[in-house]
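So the chains spell out like this:
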Amino acid sequence: PVPFSAPPAAPGQPPADQGAAESAASLEGLVDDLVRQGRLAEASRCDKHARTKAALAVQEANYKRAKEDDELEEAIRIKKEVLPKLREALASDADVSSWRGACTIPGPEAMRQAAERTLGPGDADRFASSLVKPLEEACAAAIATLASGLRVQRGELAAAGALQTEAHAA
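As the structure is a prediction and not an experimental result, all values here were calculated from the model.

Peer 1: Could you give me a rundown of the packing of helix H2 (residues 40-68) against helix H3 (residues 72-89), with the residues and numbers involved?
Peer 2: Relative orientation of the contacting elements H2 and H3 amounts to 165°, with a least axis distance of 10 Å. It follows that H2 is roughly antiparallel to H3 by the angle criterion. The two elements H2 and H3 cross, and the hand of that crossing is left-handed. Facing Thr52, Ala55, Leu56, Gln59, Glu60, Asn62, Tyr63, Ala66 and Lys67 of H2, the residues of H3 in contact are Glu74, Ala75, Ile78, Lys79, Val82, Leu83, Leu86, Arg87 and Ala89. Here the contact of H2 with H3 is built from residues that sort into ten nonpolar, three polar and five charged.

Now the structure itself:
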């Protein structure tokens, strides 16, 4: 299983911001919801956002600790190099809102129906066997993983999300 929450603080360090941990828990639930809906591309992006948010909370705590301990060079490095990169990697508020809203990339069944309307039954079957069927299998595997109480592994989620994005573009 892969946790979303920020790693525990090292001995002698303050814990990461509680609000960030609650936000990460909220995002974890959102990732699960997106997977259950077959929205793997969005789930992958949400997963990356949640992990970045957790890393940001850890680095903000490290920055605060470095200032308190008069480790000024480390505090400056975190403030000037680490924190800006993490903040830049966060998804926008609009993206997070869109994940909570309607689907922007159709799931496998909608893709199959669109292919039949556009390509006709024969060509749609070839399209479905190369892109939609693997996506359906990835969705089923991800949902089964969630049902067993485990987290979908980041690499599996990213690969399935990329497949969904590619199938949608096709």
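Peer 1: Describe the pattern of salt bridges, naming the residues involved and giving the relevant values.
Peer 2: Taken as a whole and judged by the stated rule, the model has six salt bridges. As a salt-bridge pair, Arg39 and Glu42 come within 2.7 Å of each other at their nearest N and O atoms. The exposure class assigned to Arg39 is buried, which follows from its relative accessible area of 2%. Residue Asp47 is joined to Arg51 by a salt bridge in which the shortest nitrogen-to-oxygen separation is 3.0 Å. Here the residue Asp47 and the residue Arg51 both occupy positions in helix H2, the gap between them amounting to four residues, near one helical turn. Comparing Asp47 with Arg51, the two get one shared label, buried. Through salt bridges that share partners, Arg65, Asp69 and Glu71 make up one connected network.

Peer 1: Tell me about a positive patch on the surface, and please be specific about residues and values.
Peer 2: A cluster of like positive charges, contributed by Lys64, Lys67, Lys79 and Lys80, occupies part of the molecular surface. Where the positive patch is concerned, the elements lending two or more residues are H2 and H3. Topologically, Lys79 is positioned in helix H3. Looking at Lys79, the relative accessible area reads 47%, which means it is partly exposed.

Reading the values: rules and limits
- Residues numbered from 1 in each chain as written.
- Predicted model: local features only at pLDDT ≥ 70, side-chain atom pairs only at ≥ 80, totals over all residues.
- Heavy atoms only, no water.
- Axes fitted to C-alpha atoms, helices over the stretch in contact; angles between N-to-C directions.
- Helix = DSSP H or I, 4+ residues; strand = E, 2+ residues; numbered from the N terminus.
- Parallel < 35°, antiparallel > 145°, perpendicular 65-115°, else oblique.
- Left-handed = near helix turned anticlockwise from the far one by under 90°.
- Contact = heavy atoms within 4.5 Å.
- Nonpolar A, V, L, I, M, F, W, Y, C, P; charged D, E, K, R; others polar.
- Salt bridge = Lys/Arg side-chain N within 4 Å of Asp/Glu carboxyl O.
- Buried < 20%, exposed > 50% of the residue type's maximum accessible area, 1.4 Å probe, protein only.
- Patch = residues over 30% accessible without salt bridge, like charges linked within 9 Å, V, L, I, M, F, W, Y side chains within 5 Å.
- Areas by Shrake-Rupley, 256 points an atom, 1.4 Å probe, with all protein chains shown as cover.
- Lys, Arg positive; Asp, Glu negative; His and termini not counted.
- Charge placed at Lys NZ, Arg CZ, Asp CG, Glu CD.

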